[in-house]
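Here is what each chain is made of, one letter per residue.
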Amino acid sequence: MSWVTLEVKTTRRAQLVDITERVAAAVERSGKSDGACHVFVPHTTAGVTVNEGADPDVARDIESRLAELVPKEAAFQHAEGNSDSHIKTVLVGPSCVAPVHGGKLALGRWQAIFLCEWDGPRTRSVEVAVSAL
Ligand code: ZN
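Trainee: Sorry if this is basic, but what is going on with the coordination of the zinc ion here?
Mentor: Four donors placed tetrahedrally about a metal ideally form angles of 109.5 degrees, and six donors placed octahedrally ideally form angles of 90 or 180 degrees. The protein atoms that coordinate the zinc ion are His78 (NE2), Glu80 (OE), Asn82 (OD1) and His86 (NE2), at distances of 1.8 to 2.2 Å. Here the zinc ion binds 4 donor atoms, and the angle range of 88 to 157° at the metal identifies the geometry as irregular. Positions of the donor residues of the zinc ion along the chain correspond to the pattern H-x1-E-x1-N-x3-H. Judged by its relative accessible area of 57%, Glu80 is exposed.

Trainee: What am I meant to see in the side chain of Glu127 here?
Mentor: Summarising the element assignment, Glu127 is placed in strand β8 (residues 123–132). Despite its burial, Glu127 pairs with no opposite charge, the nearest such side chain being Arg22 at 11 Å. A polar atom in the side chain of Glu127 sits 2.6 Å from the side chain of Thr5. The contacts of Glu127, once residues within four sequence positions are left out, are Trp3, Val4, Thr5, His38, Val39, Phe40 and Pro42.

Trainee: Any chance you could explain the sheet that holds strand β1 (residues 2–9) here in plain terms?
Mentor: Reading across from one edge, β1-β8-β3-β5-β6 is the order of the 5 strands in this open sheet, with antiparallel pairing throughout. Each edge of the open sheet is held by one strand with a lone partner, namely β1 and β6 (104–105). By the bridge criterion, 6 bridges tie strand β3 (residues 35–40) to strand β5 (residues 95–101) in an arrangement that is antiparallel. Looking at the pairing, Phe40 lines up with Ser95 of β5.

Calculation notes
- Residues numbered from 1 in each chain as written.
- Predicted model: local features only at pLDDT ≥ 70, side-chain atom pairs only at ≥ 80, totals over all residues.
- Heavy atoms only, no water.
- Donors = N, O, S within 2.8 Å, 3.2 Å for Na, K, Ca; no water.
- Tetrahedral: all angles 85-135°; square planar, octahedral: opposite > 155°, others 65-115°.
- Buried < 20%, exposed > 50% of the residue type's maximum accessible area, 1.4 Å probe, protein only.
- Helix = DSSP H or I, 4+ residues; strand = E, 2+ residues; numbered from the N terminus.
- Lys, Arg positive; Asp, Glu negative; His and termini not counted.
- Salt bridge = Lys/Arg side-chain N within 4 Å of Asp/Glu carboxyl O.
- Polar contact = N/O pair within 3.5 Å; in protein donor to acceptor, adjacent residues only side chain to side chain.
- Contact = heavy atoms within 4.5 Å.
- Pairing = 2+ DSSP bridges.

Fair warning: the whole summary comes from geometry, so function is off the table for now.
This is the structure in structure tokens:
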């Protein structure tokens, strides 16, 4: 198992940040030929997802539609003022797994890996572990 922690700076409160190149570089540095790349975000108001990276409008649409689905101002119990961020993190989840083939991250043609910031801007950690078959 090869393990690396990426630091990702976000610039907006809600923001999908394409981290594909950094994850792919970690996979290549791992030296593993065939296996799985595990990406885990150790936060409660940020997550990770795989979706279209070719058209940046898709990420923007995800940000804006989730803001409509989970409004910031609502009758929440949690007094920190970021319950919407916690709920959006539940929706995207804290982790994803992608295949590694021939020493490279093997995503689909249009796929990218996104850190999903829901309570930024701040600096986030992303754990990337590569395991061989
Ligand atoms: Zn909170």
